[in-house]
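An overview of the molecular structure
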Amino acid sequence: MLGHSRGGNQTAWYASELKEGSPVKGTVLIAPASNGFDYLAADYKKRYEVDLAPLVEKANKLVADGKGDTMMENVDFIYCQKTSATAASFANYYADDPRMETTYILKEFSQPVMVFAGSEDTVVVNLEEKIEALGEKENIQMSVIDGADHFFRDLHAEDLADETVEFIESL
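Moving on, we get to the packing of aromatic side chains. As enumerated under the stated definition, the model contains seven aromatic pairs in all. Taken together, a centroid distance of 5.8 Å and an interplanar angle of 70° make the contact between phenylalanine 77 and tyrosine 93 edge-to-face. Of this pair, phenylalanine 77 sits in strand β3 (residues 71–77) while tyrosine 93 sits in helix α4 (residues 87–93); the two residues are 16 residues apart in sequence, bridging distant segments of the chain. The same class applies to phenylalanine 77 as to tyrosine 93, namely buried. Through pairs of rings, three or more aromatic residues link up here, namely Tyr44, Tyr48, Phe77, Phe90, Tyr93 and Tyr94.

One non-glycine residue, serine 5, lies in positive phi territory at about 60°. Position of serine 5 relative to the elements: it lies in the loop between β1 (2–4) and α1 (6–16). Given a relative accessible area of 16%, serine 5 falls into the buried group. With phi around 50°, phenylalanine 152 is a residue other than glycine that occupies positive phi space. For phenylalanine 152, the position within the fold is in the loop between β6 (140–145) and α7 (155–170).

Before going further, it helps to examine the side chain of serine 143. Its location among the elements puts serine 143 in strand β6. Of the residues examined, serine 143 reaches a relative accessible area of 7% and is grouped as buried. In this structure the side chain of serine 143 is engaged in a polar contact, spanning 2.6 Å, whose partner is the side chain of glutamate 163. Beyond its immediate sequence surroundings of up to four residues, serine 143 is in contact with Met114, Val115, Phe116, Ala117 and Glu163.

Conventions we followed
- Residues numbered from 1 in each chain as written.
- Predicted model: local features only at pLDDT ≥ 70, side-chain atom pairs only at ≥ 80, totals over all residues.
- Heavy atoms only, no water.
- Phe/Tyr/Trp six-rings, centres within 6.5 Å; stacked < 30°, edge-to-face > 60°.
- Helix = DSSP H or I, 4+ residues; strand = E, 2+ residues; numbered from the N terminus.
- Buried < 20%, exposed > 50% of the residue type's maximum accessible area, 1.4 Å probe, protein only.
- Polar contact = N/O pair within 3.5 Å; in protein donor to acceptor, adjacent residues only side chain to side chain.
- Contact = heavy atoms within 4.5 Å.

This is the structure:
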């Protein structure tokens, strides 16, 4: 399995819940989201000049009241300014859940995993240090693609693809 950014976090989360005997033999995570709620809240405040916590509280209340489909209008959501999002989507994306930080999941991860980071990534920051903080884990390989940003454009995508093929062939 392979996932990028928030999808990388979701891929790790899904893979961590697979039962023994699963046909999945390894996981590739490309710049997986690894920022906890405190980082998200600070980034939201910096980006939109709005406190995130009251919005999450409002979204969670709507969900708890069975109104998760209610549209939150004129709200900043992910990278979209003054847009609309359902309360359920808002609550889910900005959940204060430790599993939203990929390294939390990888602590107990047992299958082979390849993690890619871009040296110029400004979206998922300090990923290499966070992976290193997990200590020696034989199942985790880390590759930092020099010059790549969060999206691994141009020749960086080729480097990423080549290393991904090598990882898959090693399984």
